[in-house]
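Chain by chain, the residues:
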Amino acid sequence: MSEEDSDEAQLEMEEFPDGDEEFFEQTYIPNYGTMPGEHTQLQTDLGPYRKEATYLFGPKSVVEFDGNEDSVFFVDGQRRIDFVLVYEEETRKPGDKKRMRSILSRKRKRAFFQQNLKMSGLEIEATRSVIDANCIFLKIHAPWVLLCRYAEILHIKLPLQSNDMKPKTSTFNCLTRIFSVDEAKIPPEPEFFTAPFEMEHIDSFQTADRDSFFTPATRSRIVKYLLNRCEYKRGSPNKFGITKLLDSKTYTAAYPLHDCKFNHKSSEPSCHNERYLLYEEWAHPKNFYKLQPLDLIRRYFGEKIGIYFAWLGFYTGMLAIAGFVGLLCFIFGILTLDRNTWSQEVCDPDIGGHMIMCPQCDRDCTYWRLNITCQSSRKLSAFDNYGTLVYAVFMGIWVTVFLEFWKRKQAALEYEWDTVELEQEEPRRPEYEAKCTIPKRNPITQEEELVPYSTFGKCMRIVCGGSTVLFWISLIIASVIAIIVYRLAVFFEFSVRMREKINDLEPIKDYVTPQMATSVTASLINFLFIMILNILYERVAIWITDFELPRTQTDYENSLTLKMFLFQFVNYYSSCFYIAFFKGKIVGYPGKPVYWLGRFRNEECDPGGCLVELSTQLLIIMGGKAIWNNVQEVLIPWLKNLIARCRKKSEEKLPRWEQDYQLQSMSKLGLFYEYLEMVIQFGFATIFVASFPLAPLLALINNIIEIRVDGWKMTTQFRRILAAKAQDIGAWLPILHGVAVFAAVTNALIIAFSSDMIPRLVYYWALSVKPFGEHSNPTMQGYINTTLSVFRITDFSNLSRPVYEPSWFDNVTDTTCRYRDLRYPPGHPLQYEHSLYFWHVMAAKLAFIIIMEHIVFTVSFLVSYWIPDVPKHIKEQIKREKYLTQKLLHESRLTAWQDKMAATSKSLIKNPSHLTPPDMDV
């Protein structure tokens, strides 16, 4: 039992002693009522308990469902339902005093809460459930005067005058019209200049049609503001807010209504059928190729949902360009597959077939021929080619172009959706206000205000949160190390056992190698670890952020965003970084290998390199994550709704509020996880694109599905999401900027150290021709022989010497084997030391990193400089709006004051005895 519940139970014991529970249970009248009062006779009958009855009991006024299942109005058909509260009436078992006290506590809270709602100006109408008589629906309506009052308090911008500055028609409209929604079904939103609402200038606003002046999303947002700040316990200033009542099961649900069924058009003339239009023209899979009706999404779900889908659609459109270029790069690799000299030499029986490779583990591993890696070498050449180099540079520039054009798009949406000055109007979180007990002087207003913690307390909260995040990141690193140890251990097992079993796998034996088997199994285990740690850390991150107690909802989400992204970044990408930059880099040589923990020999790459393994890791994690997320987003809510419908099967018509009650509720952080999923995908599509050019194409396909899946679940499987304001995508934009910079560096490092591109170029232009080589013209012939070093088998230590020798090894007259490195051969004065070729390649790699980064960052800087963040026509409209606001609202006050002064002056001239100064408050 929580501390609050314990206090309530103690209070009930003091106020309702043993024996009185039956009295209250028998005389209790449900507290639905729409109007206060009507307690006189009941208070007289209750005698000494009449004081409690003034708010514990209410009139028994329950309206009956009229059979109109599409209605979103009160029973009078005039007052619109802006919000719905749901609770279930409970009955106690005989002798269960503890349960009775709990029931009375919840009834007391509901009664006081609903009375305060009515006192604030809201109107309430109660209706019983059609299929469950114990379930009560409280329908809430906000009258026009109340909406106007809180629109002014919340600085909500409302239409002032029609926009008389039409933007120029784009030359690309003829192309985009093919993909646009049908304007006959979803007409364009009328454009207005807007201003923060002011009651004293209400005549200056477009209030001719009061029914459409406040959209349903705005109405529900205002009601939710009142619900979040309404007290539910007398004399307890920190006992307020619908959130706490939902957590304590006092109410079972609180939500705004959908306006109709998603798959049937409403026949009600007052219904706009926006849900039906969204499903038919947006969420349905048949619309996968169409642009999104962003204005309708924003109107129905609010700006916060609208800006998410705007960003997701823009990102998907830009991915189409990146995915197309990546596909061309991959096709180029496929077409040049048979012209890659290094791949041909590996597969050639006279070259690769005669190269005896050194064992890759101690004792249990044996010698092997190079040509058994023929297929992996061919697969590598499809990804590791000159097209990939060009594509990596292209993606570094693409990221900057994407972010800069998104800023322009975001600026346009900020203006069109009236969120330019959102920072000034966002209220404090109710959880923050409830803890405000410490006085502190506000440096802006120079007035004393209450805050929830001191400066020292705030620092301690931040330190505690940061330490917890670091601890969990350490757990991720530990899991990665465990995966590495697994890879080292099972590689030895695969190397031994697959030698015995490989002949049974005739169709695929050329593809199944110890490296590939190790990589696939390790990737699957790593993916499982990722999912488990995500589930655990999610709760920890939310607990830490709640403990920090951010001031506004934006601050809360930004704080949680940073924590979750840092964790997810390390969780998803750490194994990829290991393969790209650590595996096979510090392995020593066969006579002197490097060991992990003094026991496990460090893992080596395939002779073709680790790029294929990195691509495999990316494909498994990226594909597995997409499949897992789609299962969670589609299958789980659909099954829950199906089970709920089966349990409450009824052939009777259900009212709109009860149909919505049977749907799933969207979590407060539901949109946060959508952003997180896409930003992690953005990292996969950019950070490691040099190793897997098809990543943007896979991301594009996933996002085309993702948009429709998200739209489908929001319109069909979830209750209507509460509208909320959002100026931009929040902390995700700087995170995307950080990922973009990180991607440019990472891709340069991948090409330099994970790819064989630089060693090939050095060999082709320098070492293949005289005086270093034997050829007169640059060529790739002899590359494999040059890049594989020689080791004398008699130099094996007793620990490393292989126990098993293949039958064909006895016929080999040479007493050496080859390994992947650039070292001097045995017999050289510097035998087994790095050769001059190694240092040439290293210098070329460092030079390439510097050149590539400078090219990418220079072009990115120029692009960001040339592309303004705010379009010119938006700047002009903002200036026009400010001018009209000044003229219609502020100058009108001065004009009225001047008129009043003139009238007063005339009055004084006519009657000088009346010297009473006029009222200047206009």
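See the structure above.
All values derive from a computational prediction rather than experimental measurement. (Residues numbered from 1 in each chain as written. Predicted model: local features only at pLDDT ≥ 70, side-chain atom pairs only at ≥ 80, totals over all residues. Heavy atoms only, no water.)

1. What about unusual backbone geometry?
Phi is positive for His155, close to 55 degrees, though the residue is something other than glycine. Take His155: it is sitting in the loop between α6 (144-153) and β5 (157-162). Since its relative accessible area comes to 40%, His155 is described here as partly exposed. Notably, Tyr832 is not glycine yet its phi reads approximately 70 degrees, a positive angle. (Helix = DSSP H or I, 4+ residues; strand = E, 2+ residues; numbered from the N terminus. Buried < 20%, exposed > 50% of the residue type's maximum accessible area, 1.4 Å probe, protein only.)

2. As for the packing of aromatic side chains
Pairs of aromatic rings are described using the distance from one ring centre to the other and the angle between the two planes. Taken as a whole and assessed by the stated rule, the structure comprises 51 aromatic pairs. When the ring of Phe569 is compared with that of Tyr573, the centres are 4.8 Å apart and the planes differ by 85 degrees; the resulting orientation is edge-to-face. In this pair, Phe569 and Tyr573 are both assigned in helix α20 (residues 553-581), four residues apart and thus about one turn of the helix distant. This pair shows no difference in class: Phe569 is buried, exactly as Tyr573 is. Consider the rings of Phe672 and Trp732, whose centres lie 5.7 Å apart with planes at 40 degrees: the pair is tilted. Remark: Trp732 occurs in helix α25 (residues 732-754) and Phe672 occurs in helix α23 (residues 670-687); sequence separation between them is 60 residues. (Phe/Tyr/Trp six-rings, centres within 6.5 Å; stacked < 30°, edge-to-face > 60°.)

3. Considering the state of the cysteines
For the structure on display, the rule yields two disulfides. A sulfur-sulfur distance of 1.9 Å marks the disulfide that ties Cys347 to Cys374. Handedness here is read from the sign of the S-S torsion; for Cys347 and Cys374, about 100 degrees, the answer is right-handed. Taken as a pair, Cys347 in helix α14 (residues 341-347) and Cys374 in helix α15 (residues 374-383) lie far apart in primary sequence, 27 residues in all. Of the residues examined, Cys374 reaches a relative accessible area of 14% and is grouped as buried. Here Cys358 pairs with Cys817 through a disulfide, and the sulfurs are 1.9 Å apart. Taking the torsion about the S-S bond as the criterion, the Cys358 to Cys817 disulfide, at about 90 degrees, is right-handed. (Disulfide = S-S within 2.5 Å.)

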